Amino acid sequence: MKTALAALSFVLYLSSAGFAAVKPGENILLNGRFEADQQDIPPFWSPNNTELFRWNPASGPDGSPSVSILESGNGDKSEFSLRQAGHKLAPGGTYRMSADVRTKGFPAGGVTCMVRDQSWGRQGPRIVLPPDTKGRWQRVEATRVLDSAP
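Residues numbered from 1 in each chain as written. Predicted model: local features only at pLDDT ≥ 70, side-chain atom pairs only at ≥ 80, totals over all residues. Heavy atoms only, no water.

S.K.: Break down the overall build of the protein chain for me, citing the residues and quoting the values.
M.R.: Counting its secondary structure elements, the protein chain contains zero helices and ten strands. Relative to its 150 residues, the protein chain shows a buried fraction of 41%. When contacts within the protein chain are restricted to residue pairs at least 6 apart in sequence, those whose partners lie at least 24 apart make up 62%. When the accessible surface of the protein chain is split by element, carbon and sulfur atoms take 49% of a total near 8,800 Å². (Helix = DSSP H or I, 4+ residues; strand = E, 2+ residues; numbered from the N terminus. Buried < 20%, exposed > 50% of the residue type's maximum accessible area, 1.4 Å probe, protein only. Contact = heavy atoms within 4.5 Å. Areas by Shrake-Rupley, 256 points an atom, 1.4 Å probe, with all protein chains shown as cover.)

And the structure:
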């Protein structure tokens, strides 16, 4: 298997005016840094395919934890999801998602990270990942104000 996406580290929070750094308690994701101790999958995260998922304790930016998403190797356009259940997005709320990514071999505009609430009724920020960051970590982010109706 080849590595298609080297790593991700997510932050999703209900933001306030000014988009300052995330303050304690603002990040609505649990374990957004993918920290784990003696586990193959970071707590609070669920991949839909464990064969395409790898947790790395220190391969992220500045030695932080990260996850790798691997291509299937059989040419299928498989869909991979790494989920955290139980979140309900508030209508009218402003959400910002950011991630540090390092990618290789993705089709341009073909891979996205998105936020949906538990019922899949409301969609928050959506990020299109770059196809190849040439071995460098790149910060990507998106902000979205949710409509009042799903």
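S.K.: Can you tell me about the nonpolar core, naming the residues and giving the values?
M.R.: Leu89, Met97, Val101, Cys113, Ile127, Leu129 and Val140 are the most contacted members of the largest nonpolar core, which has 13 residues in total. For this core, the elements supplying multiple residues, two or more each, are β7 (94-103), β8 (112-116) and β10 (138-145). Ranked by size, the runner-up nonpolar core spans ten residues in total, among them Trp45, Phe53, Val67 and Leu82. (Core = buried A, V, L, I, M, F, W, Y, C linked by side-chain atoms within 4.5 Å.)

S.K.: Which residues make up the environment of isoleucine 41, and what are the values?
M.R.: Its place among the elements puts isoleucine 41 in the loop between β2 (10-14) and β3 (46-47). Residue isoleucine 41 is classed as partly exposed on the basis of its relative accessible area of 28%. Between the C-alpha atom of isoleucine 41 and that of arginine 54, which follows or precedes it by 13 residues, the distance is 7.8 Å. Not counting the four nearest positions on each side in its chain, isoleucine 41 is found in contact with Pro47, Thr50 and Phe53.

S.K.: Break down the side chain of serine 98 for me, citing the residues and quoting the values.
M.R.: Looking at where serine 98 falls in the secondary structure, it is placed in strand β7. Looking at serine 98, the relative accessible area reads 6%, which means it is buried. Reaching out from serine 98, the side chain makes a polar contact with the side chain of arginine 139 at a distance of 3.0 Å. (Polar contact = N/O pair within 3.5 Å; in protein donor to acceptor, adjacent residues only side chain to side chain.)

S.K.: Requested: an account of the pairing of β7, with residues and values cited.
M.R.: Most of β7 sits inside the fold, with eight of its ten residues counted as buried. Sheet topology places β7 next to β10; eight bridges connect them, and they run antiparallel. Considered in β10, the bridge of tyrosine 95 is made with arginine 144. (Pairing = 2+ DSSP bridges.)

S.K.: Let's hear about the packing of aromatic side chains: which residues, and what values?
M.R.: Counted according to the given criterion, the structure contains one aromatic pair. Pairing phenylalanine 34 with tryptophan 45 gives two aromatic rings, centres 5.1 Å apart and planes at 55 degrees, and the pair type is tilted. Placement of phenylalanine 34 in the loop between β2 and β3 and of tryptophan 45 in the loop between β2 and β3 is noted, with a sequence separation of eleven residues between them. Taking the relative accessible area as the measure of exposure, tryptophan 45 reaches 8% and is therefore buried. (Phe/Tyr/Trp six-rings, centres within 6.5 Å; stacked < 30°, edge-to-face > 60°.)

S.K.: Give a detailed account of the pattern of salt bridges, specifying residues and quantitative values.
M.R.: As enumerated under the stated definition, the model contains three salt bridges in all. Between glutamate 35 and arginine 33 there is a salt bridge, and its shortest N-O distance comes to 3.2 Å. Note on arginine 33: relative accessible area 45%, which makes it partly exposed. Here aspartate 100 makes a salt bridge to arginine 139, at a shortest N to O gap of 2.8 Å. Taken as a pair, aspartate 100 in strand β7 and arginine 139 in strand β10 lie far apart in primary sequence, 39 residues in all. Accessibility expressed as a relative area gives 16% for aspartate 100, which makes it buried. (Salt bridge = Lys/Arg side-chain N within 4 Å of Asp/Glu carboxyl O.)

S.K.: Break down the confidence of the model for the protein chain for me, citing the residues and quoting the values.
M.R.: For the protein chain, the average pLDDT comes to 74, and 72% of its residues sit at 70 or higher. This model gives residues 1-7 a pLDDT under 50, and the stretch forms 32 contacts once residues within four places in sequence are excluded. Here residues 9-20 is a poorly scored stretch, pLDDT under 50, and it has 50 contacts once near neighbours within four places are set aside; other chains count. (pLDDT = per-residue confidence, 0-100.)

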